[in-house]
Structures are given as structure tokens and as C-alpha cells.
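Each chain, letter by letter, is given below.
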Amino acid sequence: MSAQSESRFVSAVKDSVAGGLIALALFSLMLGMKAEVASGMGGQLGIEYRWGAVAIAVAIVFFGRLLLNLFVWKSDKPVTGIMSGMMPKASSFSGLGKFAMPVFLVLAVVLPFLLMSYYGASGSRRYLDLAILVTTYVMLGWGLNIVVGLAGLLDLGYVAFYAVGAYSYALLAHYFGLSFWICLPLAGILAALWGIMLGFPVLRLRGDYLAIVTLAFGEIIRVVLLNWYDFTGGPDGISGIPRPSFFGLEFERGDDGFAAFFGLDYSSIHRIIFLYYLILAMALVTNFVTMRLRKLPVGRAWEALREDEIACRSLGINTTNTKLTAFALGAMFGGFAGSFFATRQGFISPESFTFMESAVILAIVVLGGLGSQIGVVIAAVVMIGGFELIREFAEYRMLVFGLLMVGIMVWKPRGLISTRTPSISLSGKAKGISADLVQEGHG
Amino acid sequence: MSASQPLLDVRNVETHYGKIIALRGVDLTVNEGEIVTLIGANGAGKSTLMMTICGSPQASSGSIFYDGEDITRLPTHLIMRKSIAQSPEGRRIFPRMSVLENLIMGAETAGNKDVEESLKKAYDLFPRLKERRNQRGGTLSGGEQQMLAIARALMSKPRLLLLDEPSLGLAPLIVKQIFDAIRDLNRTDGLTVFLVEQNAYHALKLAHRGYVMVNGKITMSGTGKELLARDDVKAAYLEGGGH
């Protein structure tokens, strides 16, 4: 036994030394030498040597690999096994789902008051802003969930519809002076139209090919917004976008403002709270519509389309219309969220609609579990909320993001909530079918 | 069995995949109340004919009539709403949806109003599906998946059922069970069945009439018994297959 563990130790060390040597070869060029404009040599290019950094990198690789060898790869009881044991089983969520939904909802509704009583009006602003941001992403995630989670159409350019919504409101307000409440439906309709326009050419595409085209579409919208200077203001963006009113009451100091009308002392926090409830309501509408549609023929057709397109056609489902409605609906909610974004920021520019946004929204949907509404909420809270809380380490954002992705994909490859509740059940109780028990079985 | 006009009438149909010809002028009829089978080797064009009937791919020449109506140029989803149902090759059930949802999908688009009744019939035909109605389709065994595929097709209350290789990859006992169910459907409900099969022995025993396809052409036709008795059919399709 001891001889065996000794040889195991030796092989682990050998493997780690090999890893360390490879790291040395790689990092001595990548980290060890840095081209610098040397100040002493009249602006000539020189090389700065950084062997300390190389040593640190090699040490990390060596010891990291040694630890992994000893405790994971060559160990009888891998640490990762314990970790995956700690990850929640999908089955434990089926009970939780019923219980968690109302709790989340109540928490979301009373959140501003909790924050106000805890941090006071000025202290809670930061957290309310964060809550608005998170809720916006929840809404975007729910919108994208229709396209990716239900209909199974991988869309990497979702941010385009967010941008269309935002610019629709901004431009309509800018050129025609229309108010938020008139523009909101218009923005949704415009985004839905763009969704259909994207949908038509990609009807025959699936998977990777669809992803590439939607990615390009997202970039086209952004580049057009960036370069059509006369109309969109290009990189300068559009500023002075009007704020939404509360049934005609502006959130302003003065006699006809919101505060005066309700006999409150004026405070700037009122508008923030109003914005929070606005996005919360919009997100809940998105959720409600999606949940309803899932139980209707069109929603089931989306899911069937995700499962097997040929089978759908053999059952007489019009796959063209099914795909287009999914694109249009997903885009419409993206457009709503976009016009909310515009009115909240008061200023938009193409920089807010980069591919990174699409990636984050998609990551929320995938990490939460494709097709799971509550999963999207959890993923959005963790990802957006979590990142904002560690803002001081913004440089490491992508690092944490990547690690989180890898971790989830290793331990919960189908997302946090991989249970799917059937859309119909005659016995009355719809029981979730755990994905722990079933992988992609075909017999 | 001689109805005035056949329920399905395929007339001189040619189908191309790009420049490659797959069907070279196929003539075939299925009368109301019949079970007709099409047998042939791999790559003979059996599934292509099945898919051409469904309009994907569409025939490049010739025409297909269903119940007297020309359906050659109709889009697939409209053909499939004309009381024709298909159980596709490879079963193609929806793996992550429950058995019940799979069945509902079959009824919903066809506008079937008596879903409850159709469900009951499906469960009577394949009681195993009732036991598993809340299970995911993907967790069923191969035979159960085939039962589900057929039951799903039947949920639209079709007059004509198209079956593409229902015995594919199944144990002989299950094949027998499924073929018995098809015979029952035909006898009790008068369902017309067009069956594409490689399992020639079982298919010809079941069918009233059969066609043999070689290289995109129908080379023989006759009643199931006639074809079964022919030496050339035996040699080509039944060697060692007569279990």
C-alpha cells in the first residue's frame, strides 16, 4: 500500500515537473521578455526581462499540477467528487421550485422598502441601481430563453434587439418628442420586426451555422449605429433621453411632480424605486407570457422544434412560422428591455451593445439551465450581482467568469436547474423530470 | 377492396437529390382499407419515396394524389394536415418531452378535438405508454419509442398512416407486437397503412399487397402472399430472414 502510494507520488512529481518545464518554455517568451520603449536610449525599443514573473508562473503550474495529481487525478477519493456531491441535485430543486418562486417574488417586491429602511434613502441607491441592473438582465435572459431555451435556436446576436429597442425609443423621443409610454410598445414592435427580418434568412440554419449568422447580425446592427452619424449620432450616442413619467407625473421637484402630488418630500430615490418597479413589472410580464405560451400549442411546438425538426414537420407543424414567432417574441422582449435601458440611462451609445452583452445574456440562460425560468433568475443574480459586488477587482472579472463557466459545465453540464416541468399533465400534478437520471437518451 | 379511386396514387414520380436521381418513375397505389408495403434493399429509394409523398423533397416530375387531390406541390406541413400521418424513420420522438406531451403534439396541430378519446385509444393500443405517460420520451426503450412514434402519428386520427421502417433496430418479439398492433388498427378501424420495410418477411406477411423497389424503380408487385412465394424475392430479401 505504501509502495503503491509512493510510486503514485513519484509519478505525480514527474508529471508536474514536465508541466513545469512546458510552462517555463512558454512563459519565458510570453511573460519573461517584454518589449519596451527604453527611456534612456532615446526612444529605442528594448527588452525588459522579468524572470521573477516567469518563476511565479512556473511555480503555479508546478504546484497546481502536483496538487491536482495528488488529490484529483491519481487519488482514490478525488476532491472533485466531494465537490460534485456538494452541488445541489436537480431533484432537490423540484420541491424548491414551487417554494422558491413566491419567496423570490415577495422578496423582489418588498426589496426597495427593505433597502430604504436598512440603508436610508441615500445609502440604498447603490443597491437599488444594482437591483435594476440585475432585473434588466433577468428580463433579457427570459426573452432569450424563448429563442434559445425553448425553441433551441442558438442566438449569439440577441443584443441587437436590445439595441433596436433602446435606439427606437431614443430616436423617437429625439426626433418626434414621443413619451416613453408610447415608445415602449413601438420599440417592442420594431424589435419584433427585426427579429422576423433576421429569422427569414436563417430559417434553414441550425446550431453552429445559425450562431455565426446571428453573431454577424448583432455586429451589423452595432456597426450601423456606429457609422450612421447623421441619424444616430454615431459614437457620440444620444443623450437627453426623456425619463418615464408616472401616469403623467414627472419625478421632479415642484408642484406638479410625483412627490408633491402624493404629499411626499421630494427625493431623487423615488424615481429609482419607480424604475425598479417598472423593470420588475416588465420582467414579470415576460415571464408570465412565456409561462402561458409554454402551455399553449405554439409553446409546445417551440419545444418540439428544439427536440426534432423533422418530427415536427411530420406532425404538420409549420416550422417556418414556429421559428419566426420564437424569434419575434424573443426580440420583442429584448426591445422592451432596450427601451427601458435607454430611459434609465438617459444616454445610449453603440458601446453598450457589444458582443460581450450577448455573451453575458447567453451565459445567464445557459448557466441557469436552458428553458428554466427560475434558473435564469439565479444565474442573473449570481453573475451580474456578484460581479458588481466585486467591482474593485474588475480586472479579474473575465477570469472569474471563465472559472464559473468551467465549474458549472463540469459539475452541472445542463445548467443550474436542469429539471423540465412538462407543459401538460392530465393527472393534475406536473412533476418535474430530473435530468440527473436522464442524459440525452435515445433508447 | 376495389374502391373507385385509390386513397394514395403515386404516378410516374421522379425525385432528384441535386443532380442525383433517386426515384426513376415510380407508380404505386394504396386503396382505402389496405395495408400496402414497399420492400427493398438499403438505398433502393424506399425512404425517398416516403419523403416525396410528404413533400420533402418534392417530386421533380410526376404527381401524387391523395383522395383525388393533387398534393405534389404542397408544402410538407399542409400535406401532413390532410388526415395523413407519418411515423418517421428512426422514430424521432421528442426525447426531453414527456410521453403525454409527445402524444399531445400529434393531436394538436391536426386540430383533433377529441384528444381524450384519442389518448384512450392510444393507451389501449399500447398499454405500456400509459404506464410511462409522465416519463421523458428519451428514457423509453427502443420498442417503446417506436410504439410512441406510431401512437403519436395516430393522435391526429388519420385515414392513411405512413410507417417508415418501424422494425428498425428492434428485437423480433417487439417487432411482432408492433406488427400485430398495425394489423389490429387495419382490421378494427379500417385504417389504411403504407409500410416501408426492410424486414421483408414480416412486412409481406402483414400486407395485403406489396411492391419491391430496386434502384429507384418498382420491379415487382403483387399480393403479399404472391411475393412471399416468389423465388427471386426469397433469394434477394428473405435469405435467412424467415424467422
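The shown structure was predicted, so the numbers you read here are calculated from the model rather than taken from an experiment.

Colleague: Help me understand helix H3 (residues 99-108) of chain B in this model?
Modeller: Side chains three or four residues apart in an α-helix point the same way, a direct result of the helix having 3.6 residues per turn. With 10 of 10 residues buried, H3(B) is to be regarded as a mostly interior element. The set of residues buried in H3(B) consists of Val99(B), Leu100(B), Glu101(B), Asn102(B), Leu103(B), Ile104(B), Met105(B), Gly106(B), Ala107(B) and Glu108(B). Those residues of H3(B) that are buried are in contact with helix H12 (297-307) of chain A together with helix H4 (115-125), helix H5 (127-131) and helix H6 (142-154) of chain B.

Colleague: Help me understand the pairing of strand E4 (residues 61-66) of chain B, please; the structure alone is not making it clear to me.
Modeller: Along any regular strand the residues' side chains alternate between the sheet's two faces. Residues and elements named next belong to chain B. Pairing between strand E1 (residues 8-17) and E4: 5 bridges, direction antiparallel. Paired with Leu8 across the strands is Tyr66, a residue of E4. Judged from the 2 bridges that link them, E4 and strand E5 (residues 69-70) form a sheet pairing that is antiparallel. From the neighbouring strand, Tyr66 faces E5, where its bridge partner is Glu69.

Colleague: Just to check I follow, could you spell out the interface of chain B and chain A for this structure?
Modeller: Quite often, the size of an interface is put as the accessible area lost when its parts meet. The interface of chain B with chain A comprises 30 residues on the first partner and 27 residues on the second. Those elements that provide at least two residues to the side of chain B that touches chain A are helix H2 (76-79), H3 and H6 of chain B. The element best represented in the side of chain B that touches chain A is H3(B), accounting for 6 residues. By residue class, the composition of the side of chain B that touches chain A is 11 nonpolar, 13 polar and 6 charged.

Colleague: What is the right way to read the sheet that holds E5(B) from this model?
Modeller: Remark on secondary structure: sheet strands pair via backbone hydrogen bonds, oriented parallel or antiparallel. All names here are of chain B. One open sheet accounts for 4 strands, arranged E2-E1-E4-E5; its pairing is antiparallel. The open sheet is flanked by strand E2 (20-30) and E5, the only strands paired with a single partner. Inspection of the sheet shows E1 paired to E2 by 8 bridges, in the antiparallel sense. Among the inter-strand pairings, Val13 is bridged to a residue of E2, identified as Val26.

Colleague: Can you help me understand the nonpolar core in this one?
Modeller: Most often, soluble globular proteins have nonpolar side chains that are buried together. Judged by nonpolar contacts, the single largest core of 168 residues is most densely connected at Tyr162(A), Ala163(A), Ala170(A), Ala380(A) and Ala151(B). In terms of residues, this core owes the most to one element, helix H5 (residues 125-150) of chain A, which gives 14 residues. If we skip the residues at most four places from it in the chain, Ala170(A) touches Ile238(A), Ile241(A), Ala342(A) and Ile348(A).

Colleague: What is the right way to read the domain arrangement of chain B from this model?
Modeller: Residue and element names in this part refer to chain B. As assigned here, chain B comprises domain 1 (1-83 + 159-236) and domain 2 (92-158). Listed by partner, the interface residues are 12 residues for domain 1 and 12 residues for domain 2. Contributions of two or more residues to the side of domain 1 that touches domain 2 are made by strand E7 (160-164) and helix H7 (172-189).

Colleague: What exactly am I supposed to notice about the sheet that holds strand E9 (residues 209-214) of chain B here?
Modeller: Residues and elements named next belong to chain B. Pairing within the open sheet is mixed, and its 6 strands lie in the order E6-E7-E8-E3-E9-E10. Edge positions in the open sheet fall to strand E6 (84-87) and strand E10 (217-223), since each of these has one partner strand only. Ignoring strand direction, the axes of neighbouring strands in this sheet form an average angle of 15°. Two elements, E7 and strand E8 (residues 192-197), share 5 bridges in a ladder whose sense is parallel. Residue pairing in the sheet places Leu161 in a bridge with Val193 of E8.

Colleague: Would you mind going over H7(B) with me for this structure?
Modeller: Residues and elements named next belong to chain B. The end-to-end C-alpha distance of H7, which contains 18 residues, comes to 25 Å, matching closely the 26 Å that a straight helix rising 1.5 Å per residue would cover. Taken together, the buried positions of H7 are Val175, Ile178, Phe179 and Ile182. Summarising the axial view, the buried residues of H7 lie within an arc of 95°, below the 170-degree limit, and thus occupy one face. Set apart from the buried face of H7 by more than 90 degrees, the exposed residues are Leu173, Asp180, Arg187 and Thr188. The inward-facing, buried residues of H7 abut H6, E8 and helix H8 (200-206). Positive backbone phi, approximately 70°, marks Gly190, located one or two places after H7.

Colleague: Just to check I follow, could you spell out unusual backbone geometry for this structure?
Modeller: The phi torsion of most residues other than glycine is negative, and most of the peptide bonds are trans. Residue and element names in this part refer to chain B. In this structure, Pro57 follows Ser56 across a cis peptide bond, with omega equal to 5°. Here Pro57 lies in the loop between helix H1 (46-53) and E4. At Arg91, a residue that is not glycine, the phi angle is positive and equals roughly 70°. By the element assignment, Arg91 lies in the loop between E6 and H3. Positive phi values are uncommon outside glycine, yet Asn215 reaches one of about 50°.

Colleague: Can you help me understand the environment of Ala12(A) in this one?
Modeller: Residue and element names in this part refer to chain A. Tracing the chain through its elements places Ala12 in helix H1 (residues 2-30). Spatially, the C-alpha atoms of Ala12 and Phe231 are 63 Å apart, while their sequence positions differ by 219 residues. Leave out the neighbours within four places in its chain, and Ala12 touches Leu66, Asn69, Leu70 and Lys74.

Colleague: Is there a simple way to think about the packing of helix H6 (residues 159-176) of chain A against helix H14 (residues 319-345) of chain A in this case?
Modeller: Relative placement of two packed helices is described by the angle separating their axes and the distance separating the axes. All names here are of chain A. Running from N to C, H6 and H14 point in directions that differ by 50°, and their axes come no closer than 6 Å. On the basis of the axis angle, H6 is oblique to H14. Remark: the crossing between H6 and H14 carries right-handed chirality. Residues Phe161, Tyr162, Ala163, Val164, Gly165, Ala166, Ser168, Tyr169 and Ala170 of H6 touch H14, and the partners they reach there are Ala331, Gly334, Gly335, Phe336, Ala337, Gly338, Ser339, Phe341, Ala342 and Thr343. Considered class by class, the residues forming the contact of H6 with H14 number 12 nonpolar, 7 polar and no charged.

Colleague: How should I be thinking about the domain arrangement of chain A in this particular structure?
Modeller: Along its sequence, chain A is organised into domain 1 (2-86) and domain 2 (90-411). In this structure, domain 1 of chain A and domain 2 of chain A have C-alpha centres spaced 41 Å apart.

Each value, and the rule that gives it
What you see as residue numbers is a count from 1 along each chain, following the sequence as written. Each chain is given a letter, starting from A, and each ligand a number, starting from 1, according to the order in which they appear as written. Since the coordinates come from a predicted model, pLDDT governs what is reported: local features require at least 70, and pairs of side-chain atoms require 80 or more to be given and counted, while whole-chain, interface and lining totals use all residues. Any residue whose C-beta has 12 or fewer other C-beta atoms within 10 Å is treated as exposed, any with 20 or more as buried, and any in between as partly exposed, C-beta atoms being built from the backbone. Put simply, DSSP H or I for four residues or longer makes a helix, DSSP E for two residues or longer makes a strand, and each gets a number counted from the N terminus. What counts as a contact here is a pair of residues whose C-beta atoms, placed from the backbone, lie within 7 Å. At least two DSSP bridges between two strands are needed for those strands to be called paired. Residue type decides the class: Asp, Glu, Lys and Arg count as charged, Ala, Val, Leu, Ile, Met, Phe, Trp, Tyr, Cys and Pro as nonpolar, and the leftover types, Gly among them, as polar. Residues enter a nonpolar core if they are buried, belong to Ala, Val, Leu, Ile, Met, Phe, Trp, Tyr or Cys, and are joined to the set through C-beta atoms within 7 Å. Domain segmentation is taken from an automatic or database assignment of domains. In this analysis, axes come from line fits to C-alpha atoms, helices being fitted only over the stretch in contact, and the angle between any two N-to-C directions falls in the range 0 to 180 degrees. What a helix is expected to span follows from its residue count: subtract one and scale by 1.5 Å. Think of it as the arc spanned by the lines of direction from the helix axis to the C-beta atoms. Any angle between 65 and 115 degrees counts as roughly perpendicular, while under 35 counts as roughly parallel, over 145 as roughly antiparallel, and the rest as oblique. Should the near helix be turned anticlockwise from the far one by less than a right angle, the crossing is left-handed, and should it be turned clockwise, the crossing is right-handed.

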